[in-house]
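Chains, contacts and geometry: an overview
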Amino acid sequence: MEIVDIQYNIKNETITKLFYQADFLTFYKSIVEKRHVVVITDENIYNCHEDKLQFVENLMVVDAGEACKDMDVFQYAIHTLLDFEADRNTLIIGVGGGALTDFVGFLSSIFMRGVDFGFFPTTLLGAVDASIGGKNGVNFGVYKNLLGTINQPKFIVNDPSFLQTLDISEFKNGMAEVIKYGCILDRELFGYLENIDLEVIVNDLECLNYIITKCQAIKINIIEKDVFEKGDRKLLNFGHTIGHAIEMSNHFPHGFSVAIGMNYAAQISEKLGFLASEKRERIQNIIEKYDLPINQPKSCDELWQMIKGDKKKNGDKINLILLNDIGSAFVHPIDLEDFKSILQSIIN
Ligand SMILES: NC(=O)c1ccc[n+]([C@@H]2O[C@H](COP(=O)([O-])OP(=O)(O)OC[C@H]3O[C@@H](n4cnc5c(N)ncnc54)[C@H](O)[C@@H]3O)[C@@H](O)[C@H]2O)c1
């Protein structure tokens, strides 16, 4: 496969001239001739894709999944970069899911005050969401993403062969973010998702590519206008305030938690009179259609302990992202007490 530019036709070149479609080895070989490259991946991905990754000269394999965002892995990575004689001109390539790209983005941003980095996302969630937008970070003890920066990668490359080894549950996980884009910004995407199903997405490469490039275009369009989340980037948090609380208290995967968060946020939108009940039902139906959960077992009080600590809280108010239609979201500042009582009416 040759290296193909994906043109998203958006003005800000620093962010949008990022996307390529290419096979990993072709891309790697084209770069390694010109500069010092370190590739970082995780154990699971290495085991599934050793055929490609074994040819990398400076390859670092770290713990799989969320574990790579631990501080001890971070220290190990810095020692390994030094062993590889990395310097300020080194390019670091992260090959992995959202956890790995979060970790690589942060590591690259602070190593020697910042070196260039780029990503090959290997999960659906990584391809449509986590690899895009420059947010990166690691966990500190129980505190998720406590340490991080906003720093854009130099490239994001779609190599569909990576996704072929992905477990079905990881496809579902990623579908939550895909559904989110439909809910908040793109009624046409929402309708498209209503008319297909998970099996089609997993088995039809054309359909999968369509979904990935569509979501990348939606996210990049938002980011390029609002890198630092002062305006429309907030809309991407639909389902996430409640979702993060669910993720932390239940240890559910990110996408599964966001799916429940979106269902609750749609219910709040309906209860506050913004969203017609028939549209709220369509949102619940599409979440269930992709075999994602709509409820979680914790009490409202238990979730509330987590929501109270949300980074996005501002004094006694919090910004909720609500819907007034499918494909149309807005920021709704709400008193914490009002939020708690409406959440209680949904959960208890
Ligand atoms: N930076 C952002 O904007 C942003 C947005 C959303 C989520 N995130 C972060 O993303 C992370 C979740 O990402 P994720 O859902 O991609 O999960 P993940 O990165 O933890 O990967 C899930 C599992 O799949 C395995 N895996 C990955 N690719 C594979 C492949 N091609 N074949 C086989 N196995 C593979 C991994 O080893 C892991 O065990 C969380 O840490 C979350 O905080 C970041």
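Residues numbered from 1 in each chain as written. Predicted model: local features only at pLDDT ≥ 70, side-chain atom pairs only at ≥ 80, totals over all residues.

By domain assignment, the chain separates into domain 1 (4-163) and domain 2 (168-347). Centre-to-centre, using C-alpha coordinates, domain 1 lies 26 Å away from domain 2. Each side of the interface is counted separately: domain 1 has 21 residues, and domain 2 has 25 residues. If you list the elements that add at least two residues to the side of domain 1 that touches domain 2, you get helix 1 (13-16), helix 7 (124-130), strand 8 (143-150) and helix 8 (160-163). If you tally residues by element for the side of domain 1 that touches domain 2, the top one is helix 7, at 5 residues. Across the side of domain 1 that touches domain 2, the residue classes tally to 13 nonpolar, 6 polar and 2 charged. (Domains from an automatic or database assignment. Contact = placed C-beta atoms within 7 Å. Helix = DSSP H or I, 4+ residues; strand = E, 2+ residues; numbered from the N terminus. Nonpolar A, V, L, I, M, F, W, Y, C, P; charged D, E, K, R; others polar.)

Surrounding the ligand, one finds 31 residues, the nearest of these being Asn 44, Gly 65, Gly 97, Gly 98 and Thr 123. Mapped by element, the contributors of at least two residues to the shell around the ligand are helix 3 (43-48), helix 6 (98-110), helix 7, strand 7 (135-140), helix 8 and helix 9 (168-185). Structurally, the shell around the ligand is a two-domain feature, drawing no fewer than three residues from each of domain 1 (4-163) and domain 2 (168-347). (Near = placed C-beta within 6 Å.)

Further remarks concern the pairing of strand 3 (residues 37-42). Most of strand 3 is tucked away, with 6 of its 6 residues classed as buried. Of the two faces of strand 3, the one lined by Val 37, Val 39 and Thr 41 and the one lined by Val 38, Ile 40 and Asp 42 are each fully buried. Alignment of strand 3 against strand 4 (residues 59-62), held across 4 bridges, turns out to be parallel. In the strand pairing of strand 4, Ile 40 is matched with Met 60. (Buried ≥ 20, exposed ≤ 12 C-beta atoms within 10 Å, placed from the backbone. Pairing = 2+ DSSP bridges.)

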